[in-house]
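# Structural characterization, general
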Amino acid sequence: MSKLKLLLVLPLIAIFALVACDANGGDEEAMAEAQGMMTEAQGMMTEAEGMMAEAEEMMAEAEGMMAEGDGMMMESRLATVQGRGTLICASRNDVPGYGSLDSAGRNVGFDIDLCRAVATAVLGDPEAIEIRLITAAERGPTIQSGEVDLLVRTVTWTTSRDSQWGNYVHTTFYDGQGFMVPADLGITSAYELGGASVCVTSGTTTELNMADFFRQNNLEYNPNVFEDTDVVLDAYQEGQCDVFTNDRSQLAALRSALPNPQDHVILPETISEEPLGPVVPHGDEQWFDIVKTVMAGLIYAEAYGINSGNVASMAAGDNVKAKRLLGTEGTFGQETLGLSQTFMQDVINSVGNYGEIYNRNLGPEGIDLPREGGRNALWANAPCTDCPKGGQIYAPPLR
């Protein structure tokens, strides 16, 4: 018997006792009063039982809704992507080398190839991607909402973005902010920019870095802020500002697309650290691990000498580390990730290794940003002046 029912029954027992007592020694009026009290109590009990049944029904409905919600929450990002059949990437099509349209209208670039690598790993098809075009200011809200599976749009890794936006995977390109000016101004250093008007994209670390630089060096300046990079570039070309500031690689890419690139100079100073890489939504560790592992696989494929032209021979060769990466010997966690044992074979066959992706888009076949001797070389190659061994493109070992 429930506590509620017991509480209702006890008064009835008392009433019955009163009735019995009155029946033995009381008068008819007392007995009638007791019987009335008993009838009233029974009515209250019936009403309470109805309320209890209604409450139990509401509880069962709430539990059902909670179970349904738990089921929805339990569906992984991997399952969602595979059920949808496409990988949704937030990116761009306005900067050569990173994301732009080729002569056939196909979106190509370094960032786009990283999306294609992940699509190949989880769907087996590099073309199974939906590129959602967003502005720089939309990057944070887009990845925070979880409406996309991957954000790859020249996104600088910062501490606040890591905690507020999403999870950053390995750095795939090291950049730094610089300034571009018309050559006819005769400016040769960023420290000569006092009093200049500067065009910049809103919602970026670029805007803050610019303010820090001018304040730190006691230089006056006039910021002209625009939402889209292509609008910033148009304003610069139209003479609305003296200076265009952005990451140096983007300045080089955009300068290469100008009618007369030689009429514009990228000043020598680098004023910030801009480690760039893909971002995934918070909340799904498996998905985070998948994207990290794909990026690591691209990097180690280059380190092991595996490229899009020799995957089959390397998979059957005698290099143990290469065979593990390609899934023909041992494992590095594919089964835990929910991926096929040989998924990296498909990825490298489709998009190549890290070096191939770099060369095609940012290197000699693209906008021609040198890699050798710089930070974007592999950690084991190309000695440079500001790092102990090679460059800084590195990932955790695949084992």
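These figures come from a predicted structure and were not determined experimentally.

What counts, and where the lines are drawn
- Residues numbered from 1 in each chain as written.
- Predicted model: local features only at pLDDT ≥ 70, side-chain atom pairs only at ≥ 80, totals over all residues.
- Heavy atoms only, no water.
- Helix = DSSP H or I, 4+ residues; strand = E, 2+ residues; numbered from the N terminus.
- Buried < 20%, exposed > 50% of the residue type's maximum accessible area, 1.4 Å probe, protein only.
- Contact = heavy atoms within 4.5 Å.
- Areas by Shrake-Rupley, 256 points an atom, 1.4 Å probe, with all protein chains shown as cover.
- Salt bridge = Lys/Arg side-chain N within 4 Å of Asp/Glu carboxyl O.
- pLDDT = per-residue confidence, 0-100.
- Pairing = 2+ DSSP bridges.
- Phe/Tyr/Trp six-rings, centres within 6.5 Å; stacked < 30°, edge-to-face > 60°.
- Lys NZ or Arg CZ within 6 Å of the ring centre and 35° of its normal.

What the protein chain contains, in helices and strands, is 15 helices and 15 strands. In the protein chain, which comprises 399 residues, the proportion classed as buried is 47%. Counting contacts in the protein chain only where the partners sit at least 6 residues apart, residues at least 24 apart contribute 67% of the total. Entry remark: accessible area of the protein chain is about 19,200 Å², with carbon and sulfur atoms responsible for 52%.

A few words now on the pattern of salt bridges. In this structure the tally under the stated criterion is 12 salt bridges. Residue Asp149 is joined to Arg77 by a salt bridge in which the shortest nitrogen-to-oxygen separation is 2.9 Å. A residue pair is termed long-range when its members are at least 10 positions apart, and Asp149 in the loop between helix H5 (139–145) and strand E6 (150–151) and Arg77 in helix H3 (residues 77–84) qualify at 72 residues. Linked through salt bridges whose partners overlap, the residues forming this network are Arg77, Arg84 and Asp149.

Now for the confidence of the model for the protein chain. Scored by pLDDT, the protein chain comes out at a mean of 87, with 82% of its residues at no less than 70. Contacts of residues 1–10 to residues separated by more than four positions or lying in other chains number 9 contacts, the stretch itself having pLDDT below 50. Contacts from residues 69–73, a stretch scored under 50 in pLDDT, to residues over four places away or in other chains number 0 contacts.

Spatially, 3 strands are ordered E2-E3-E4 in an open sheet, and the strand pairing comes out antiparallel. Edge strands, defined here as strands with exactly one partner in the open sheet, are strand E2 (94–95) and strand E4 (107–108). Across 2 bridges, the pairing between E2 and strand E3 (residues 99–101) is antiparallel. For Asp94, the partnering residue across the bridge sits in E3 and is Ser100.

Note that Ala136 resides in the loop between strand E5 (129–133) and H5. Accessibility expressed as a relative area gives 3% for Ala136, which makes it buried. Distance from Ala136 to Gly203, taken between C-alpha atoms, is 6.0 Å for residues 67 residues apart in sequence. Filtering out sequence-adjacent residues up to four positions away, Ala136 remains in contact with Arg153, Thr201, Ser202, Gly203, Thr204 and Glu227.

Our focus in this paragraph is the packing of aromatic side chains. In total, this model carries 17 aromatic pairs according to the counting rule given. Judged by centre distance (6.0 Å) and plane angle (90°), the ring pair of Phe110 and Tyr354 falls under edge-to-face. One end of the pair, Phe110, is in helix H4 (residues 110–123); the other, Tyr354, is in helix H15 (residues 354–361), with 244 residues separating them in the sequence. A single burial state applies to Phe110 and to Tyr354, both of which are buried. A network of ring pairs unites the aromatic residues Tyr98, Phe110, Phe173, Tyr354 and Tyr358 as a single cluster. Stacked on the ring of Phe288, the Lys or Arg Lys292 has its end atom at 4.1 Å from the ring centre. Above the ring of Tyr358, the side-chain terminus of Arg371 is found at 5.2 Å from the ring centroid.

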